[in-house]
Amino acid sequence: LGQRCWLLSLLIIVQVLDCTSACAGCYFGCSPRVSSSLDEKVMADFIKTCTSLYPEIRVMVLTGGEVLSLDIEMVKRILRLAKSCGLTTRIVTNAFWATTISAASLLMDELVHAGLDEINVSTGDVHQRFVPLKNILNVVRCAERVDGLRTCLVVVEDAPKRFFPKMTWLRL
């Protein structure tokens, strides 16, 4: 008694339910028709409170719907706050914003400068109906050039060969 039986190491903030995609079976039920996001002050207070109460938390994840469809300046402030609390930071995105290499580079550079440690790109056959594979490849290509940025590509597929016949080379 008196000892914690489990350790919290991950702080996951479902920042927004609005999404640029409307994937069937989305875990959070996100879509462009849902307009709901957390206030910056609520997120900031939550991060400070959680890291104070649970110093074993090591990673803060911003996810949802599409985090990067929000005010990018706010996202950067939240990243900076998380870093100031000693956390590693991760953003989960569908890469809708990476329409060109230059657009991907510009935003990724801004996010890394604000404290982003990992970008997690969700894709797959359902996602491809809304976000072209080219966007995913733009993120991967840019991430290769960013020193210290970890990249995670999550591919959820119902029909693996149909949408990604040549993706085996994308092992990150």
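Our subject is the structure listed above.
What counts, and where the lines are drawn
- Residues numbered from 1 in each chain as written.
- Predicted model: local features only at pLDDT ≥ 70, side-chain atom pairs only at ≥ 80, totals over all residues.
- Heavy atoms only, no water.
- Buried < 20%, exposed > 50% of the residue type's maximum accessible area, 1.4 Å probe, protein only.
- Helix = DSSP H or I, 4+ residues; strand = E, 2+ residues; numbered from the N terminus.
- Pairing = 2+ DSSP bridges.
- Right-handed = clockwise from strand over helix to strand, strands pointing away.

Draft legend 1. Representation of the pairing of strand S2 (residues 59-64) in the model. Taken across its 6 residues, S2 has 6 buried, putting it largely inside the fold. Burial along S2 is two-sided: Val59, Val61 and Thr63 and Met60, Leu62 and Gly64, pointing in opposite directions, are all buried. Pairing of strand S1 (residues 10-16) with S2, which is carried by 6 bridges, proceeds in the parallel orientation. Looking at the pairing, leucine 10 lines up with valine 59 of S2. Taken together, the 4 bridges between S2 and strand S3 (residues 88-93) define a ladder with parallel strand orientation. Bridge pairing links valine 59 to threonine 88 in S3. Where the polypeptide runs from S2 across helix H2 (residues 72-84) and back to S3, its parallel neighbour, the crossover connection is right-handed.

Draft legend 2. Expanded view of the pairing of S3. By the bridge criterion, 4 bridges tie S3 to strand S4 (residues 118-124) in an arrangement that is parallel. Paired with valine 92 across the strands is asparagine 120, a residue of S4. Between the parallel pair S3 and S4, the chain is carried across by helix H3 (residues 101-114), and the sense of this crossover is right-handed.

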